[in-house]
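A closer look at the structure
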Amino acid sequence: MDHNPLIQVKNVSVSFESKHQTIDAVKNVSFDVYEGDIFGIIGSSGAGKSTLVRTLNCLAYPTAGQILVNGTDIRHLSGRDLQAFRFQVGMIFQNFNLASSKTVYENIAFVLKAAGKRGQVVKDKVAELLALVGLSDKANAYPAELSGGQKQRVGIARALANDAKILLCDEATSALDPQTTASILELLKQLNQKFKLTIVLITHEIDVVKKICNRVAVMSKGEIVELNHTFAMFASPQKQFTQAFLNIDESTALPANVKKSVKGKLVRLRYINENATQPVLHESAMQANVTFNILHGFIEYFNDQALGNLVVELIGENENIIMLIASLRKHDVIVEDIS
Ligand SMILES: Nc1ncnc2c1ncn2[C@@H]1O[C@H](COP(=O)(O)OP(=O)(O)OP(=O)(O)O)[C@@H](O)[C@H]1O
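Just so we're clear, the structure is a prediction, and the values are computed from it rather than from any experiment.

As a further point, take the layout of surface pockets. Approximately 510 Å³ is the volume found for the largest pocket. If you go around the largest pocket, you meet 26 residues; those closest to its centre are Asp-163, Ala-164, Lys-165, Ile-166 and Leu-197. When residues of the lining of the largest pocket are traced back to their parent elements, those giving at least two are helix H2 (79–88) and helix H4 (119–132). It is H4 that contributes the most residues to the lining of the largest pocket, four residues altogether. For the lining of the largest pocket, a count of residues per class yields 14 nonpolar, six polar and six charged.

In structure tokens form, the structure reads like this:
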């Protein structure tokens, strides 16, 4: 990378002391987020995701380590500087956190007023934000009159009201149905592209990561197990935990009776981008004098990158199969023996 990270998390740990024990919620975590990233943190419940993301806007403080945003150590911010920093870092939540006694307009105007804005400036800005999230006709509605997706749109408008440069999303789509989730993710992607908005998103949903994150960290028991570009993470996860967590095995699992009847060598192939079609396999197999049976296959798309998944039975002489596998690997096909 040729530019400086917008967020630098350096050896951050967060512990909670209770009467009987110390809970190490985040353990020595380090990562960088670059401007324009949609950075996903995925992990199961209790992995420490919420605690970690809350340190990014000073809702929680590290017990050890350091967080720099735009080169500033945010631990040292206080008073007006801390307030100004918080305006730069908006946050949205699973349960939306809207004030139920306030209208949509008032929910958004509130944070503009907290930043010292008044009068027509507030009115114009709320109108602009509502148009941005597609809710211009809902200014006078109360949260109870909105669907979950509409509530989250208000949450997004409020989070960005003071021209936030960073948006933190804490399970922002976990309470929404799949279709509404897709529309909120689409909105986040648009905001990311239009304003170069940097997004740090925590989720336990693999599909959310696949749909919009360009980079992802897998978290377990307070630690980052693996971090990579999303496509690379799904194409070739390095850690067994990641393989299992991302359901890489399950997504190409064969029924037991099919597996039992396999006579040849069983391999899983992952083809990347321009190789995401079958000709590579056909040609290489012909050259190596190996025949094959495709037992399972699908192509996934990550933005404009394609990842082909195939489970194949290879039939032929052992040395020919070895030759075929070598040839596939030369074509950047990831080959795993799963027999
Ligand atoms: N304020 C707190 N006091 C004590 N323990 C806490 C506190 N906040 C979080 N924890 C503990 O820290 C650990 C990590 O929790 P955290 O909420 O960060 O995980 P998570 O990955 O976000 O999970 P979830 O999706 O369930 O919220 C858990 O064991 C949790 O009980």
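Glancing now at the pairing of strand S8 (residues 198–203). Along S8, six of the six residues are buried, which leaves the element largely enclosed by surrounding structure. Of the two faces of S8, the one lined by Thr-198, Val-200 and Ile-202 and the one lined by Ile-199, Leu-201 and Thr-203 are each fully buried. Here strand S3 (residues 38–42) pairs with S8 via five bridges, running parallel. Looking at S8, one finds that Ile-42 is bridged to Thr-203. Where strand S7 (residues 166–170) meets S8, five bridges bridge the pair, whose relative direction is parallel. In the sheet register, Ile-166 faces S8, and the bridge partner there is Thr-198. Handedness of the crossover is the feature at issue here: the chain leaves S7, passes through helix H6 (residues 178–195), returns alongside S8, and the resulting connection is right-handed.

Moving on, we get to the sheet that holds strand S10 (residues 223–229). Spatially, S6-S7-S8-S3-S9-S10 is the arrangement adopted by the six strands of the open sheet, whose pairing is mixed. Both edges of this open sheet fall to strand S6 (89–93) and S10, since each of them pairs with a single strand only. Neighbouring strand axes in the sheet, compared pairwise and without regard to direction, differ in orientation by 15° on average. The sheet contacts of helix H5 (residues 148–160) involve S6 and S7, and relative to S6 the element is tilted by about 165°.

Looking now at the packing of aromatic side chains. Tallied over the full model, the rule gives four aromatic pairs. Centre to centre, the rings of Phe-31 and Phe-39 are 5.0 Å apart; their planes meet at 10°, and the pair counts as stacked. Overall, Phe-31 belongs to the buried group, its relative accessible area being 4%. The exposure class of Phe-39 is buried, given its relative accessible area of 0%. Aromatic rings pair up to connect Phe-231, Phe-234 and Phe-302 into one cluster.

Criteria and cut-off values
Residues numbered from 1 in each chain as written. Predicted model: local features only at pLDDT ≥ 70, side-chain atom pairs only at ≥ 80, totals over all residues. Heavy atoms only, no water. 1 Å grid on protein atoms, 1.4 Å probe; cavity = no way out; pocket = protein on both sides within 12 Å on 5 of 7 lines; lining within 4 Å. Points joined across faces, edges and corners; volume = space filled by probe spheres on them. Helix = DSSP H or I, 4+ residues; strand = E, 2+ residues; numbered from the N terminus. Nonpolar A, V, L, I, M, F, W, Y, C, P; charged D, E, K, R; others polar. Buried < 20%, exposed > 50% of the residue type's maximum accessible area, 1.4 Å probe, protein only. Pairing = 2+ DSSP bridges. Right-handed = clockwise from strand over helix to strand, strands pointing away. Axes fitted to C-alpha atoms, helices over the stretch in contact; angles between N-to-C directions. Contact = heavy atoms within 4.5 Å. Phe/Tyr/Trp six-rings, centres within 6.5 Å; stacked < 30°, edge-to-face > 60°.

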